[in-house]
Amino acid sequence: MTQSHESGPPLGRWEVLGAWLHVWTPPRGAQIPPVPWRAIGIWTAVAVIALGIAAAVAIPRIDAAKRQGAARDAAASARSDAAERARVVASQTPHRGRAARPAGTPSVTERLSLFSAAKAAVLADARARVRAGTLDSPVSAVDCVRAPQGAAPPPPDPERHPTIGAAAYDCTAITGRIAAGERNVAGALGYPFRLKVDFSRFTFLWCKQTPVPGEQLIPDPRNVVPLPRVCRI
């Protein structure tokens, strides 16, 4: 009596792979070929070499593209900074005015008239900037206080004291006012200007000030555009 050996059903490639990975149990008697470790090793080595060659070619190109992108970004940032600096320099350009100097020592009334003319010139300049689009909000008036502020005791109003030959003022071209309340004092919103009046020569000059944005608590000195020297205190 002869004993016959029956083999199991043939397996597909995915079934063989599942059996190799032990994620699938083949039927009883199925013929599972051995794992071709030699071929896998050869193809793994080939893949590693190919990936190494691809990386050797790609990485320098990627680094070069990154450097080029960084250079473009730096150039664009430099152009933007230069344009902003030029805008600020232009906006702070000094302007000058004068009035007819009276004979003899100017009276308080004449000094007040000169001061009013100087403030009117600042107001006209601010409104011209609004019309030109370099300032956004309409300006209603100009308020000025002696500069520097915070002196103790408070200095006298220069325009009312004939012994004061010249003075500097911090002026605000008013765009809105803040009413006094229980928790705040009255105030004003607007654009800052520096005004300097020479009561002995009956001349004046002013510059628009461009404060550093409030969020820049420690600004880069290279990006800060100071007032022109003639407008500083």
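Residues numbered from 1 in each chain as written. Predicted model: local features only at pLDDT ≥ 70, side-chain atom pairs only at ≥ 80, totals over all residues. Heavy atoms only, no water.

S.K.: Account for the overall build of the protein chain, with residues named and values stated.
M.R.: Assigned secondary structure in the protein chain consists of three helices and five strands. Going residue by residue from the N terminus, the α and β elements of the protein chain occur as α-α-β-α-β-β-β-β. Within the protein chain, contacts between residues at least 6 apart in sequence are counted, and of these 59% link residues at least 24 apart. Carbon and sulfur atoms form 60% of the exposed surface of the protein chain, whose accessible area is close to 16,400 Å². (Helix = DSSP H or I, 4+ residues; strand = E, 2+ residues; numbered from the N terminus. Contact = heavy atoms within 4.5 Å. Areas by Shrake-Rupley, 256 points an atom, 1.4 Å probe, with all protein chains shown as cover.)

S.K.: With reference to specific residues and values, describe the state of the cysteines.
M.R.: In total, this model carries two disulfides according to the counting rule given. Covalently, Cys-144 is tied to Cys-171 through a disulfide, its sulfur atoms 2.0 Å apart. In this structure the cystine formed by Cys-144 and Cys-171 twists about its S-S bond by roughly 110°; its chirality is therefore right-handed. Of this pair, Cys-144 sits in strand S2 (residues 141-147) while Cys-171 sits in strand S3 (residues 166-178); the two residues are 27 residues apart in sequence, bridging distant segments of the chain. For the pair Cys-144 and Cys-171, a shared accessibility class is recorded, and that class is buried. In this model Cys-207 forms its disulfide with Cys-231; the gap between the sulfur atoms is 2.0 Å. The sign of the 80° torsion about the S-S bond sets the Cys-207-Cys-231 disulfide as right-handed. Residue Cys-207 is located in strand S5 (residues 203-208), and its partner Cys-231 is located in the segment after S5; the two are separated by 24 residues in the primary sequence. Here Cys-207 matches Cys-231 in class, with each residue buried. Here the disulfide map of the protein chain reads 1-2, 3-4, the bonded cysteines being numbered as they appear in the sequence. (Disulfide = S-S within 2.5 Å. Buried < 20%, exposed > 50% of the residue type's maximum accessible area, 1.4 Å probe, protein only.)

S.K.: Requested: an account of a nonpolar patch on the surface, with residues and values cited.
M.R.: A contiguous nonpolar patch, built from Trp-14, Leu-17 and Leu-21 and spanning about 370 Å² of accessible area, is present on the exposed surface. Of note, Trp-14 is situated in helix H1 (residues 13-20). Trp-14 sits in the exposed class, given a relative accessible area of 69%. (Patch = residues over 30% accessible without salt bridge, like charges linked within 9 Å, V, L, I, M, F, W, Y side chains within 5 Å. Salt bridge = Lys/Arg side-chain N within 4 Å of Asp/Glu carboxyl O.)

S.K.: Hey, could you go over the sheet that holds S3 for me, with residue numbers and the actual values?
M.R.: Spatially, the five strands line up as an open sheet ordered S1-S5-S4-S3-S2, and their pairing is antiparallel. The two strands at the open ends of the sheet, each matched to only one other strand, are strand S1 (95-98) and S2. Adjacent strand axes in the sheet meet at a mean angle of 30° when their direction is disregarded. In this sheet, S5 lies alongside S1 in antiparallel orientation, the contact comprising four bridges. (Pairing = 2+ DSSP bridges. Axes fitted to C-alpha atoms, helices over the stretch in contact; angles between N-to-C directions.)

S.K.: Describe in detail helix H2 (residues 37-91), supporting the description with residues and values.
M.R.: With 55 residues, H2 should reach 81 Å at 1.5 Å per residue; the first-to-last C-alpha distance of 77 Å fits that figure. Next to the buried residues of H2 lie helix H3 (108-132) and S5. (Expected span 1.5 Å × (residues − 1).)

S.K.: Which residues make up the packing of aromatic side chains, and what values do they have?
M.R.: Applying the stated criterion to the full structure yields two aromatic pairs. When the centroid spacing of 6.1 Å and the interplanar angle of 25° are considered together, the rings of Phe-204 and Trp-206 count as stacked. The ring of Phe-199 carries Arg-111 above its face, with NZ or CZ at 4.2 Å from the centroid. (Phe/Tyr/Trp six-rings, centres within 6.5 Å; stacked < 30°, edge-to-face > 60°. Lys NZ or Arg CZ within 6 Å of the ring centre and 35° of its normal.)

S.K.: Could you give me a rundown of the confidence of the model for the protein chain, with the residues and numbers involved?
M.R.: The predicted model of the protein chain averages 84 in pLDDT, with 88% of residues at 70 or higher. At the low end of the mean pLDDT range in the protein chain sits H1, at 71; at the high end sits S5, at 98. (pLDDT = per-residue confidence, 0-100.)

S.K.: Which residues make up the layout of surface pockets, and what values do they have?
M.R.: Picture a little ball the size of a water molecule; that probe, rolled over the atoms, points out where space is still empty. Its volume calculated, the second largest pocket comes out at about 170 Å³. In this structure, the second largest pocket is lined by Arg-96, Gly-97, Arg-98, Ala-166, Ala-167, Ala-168, Lys-196, Val-197, Asp-198, Thr-203, Phe-204 and Leu-205. Where the lining of the second largest pocket is concerned, the elements lending two or more residues are S1, S3, strand S4 (187-198) and S5. When its residues are assigned to classes, the lining of the second largest pocket shows six nonpolar, two polar and four charged. (1 Å grid on protein atoms, 1.4 Å probe; cavity = no way out; pocket = protein on both sides within 12 Å on 5 of 7 lines; lining within 4 Å. Points joined across faces, edges and corners; volume = space filled by probe spheres on them. Nonpolar A, V, L, I, M, F, W, Y, C, P; charged D, E, K, R; others polar.)

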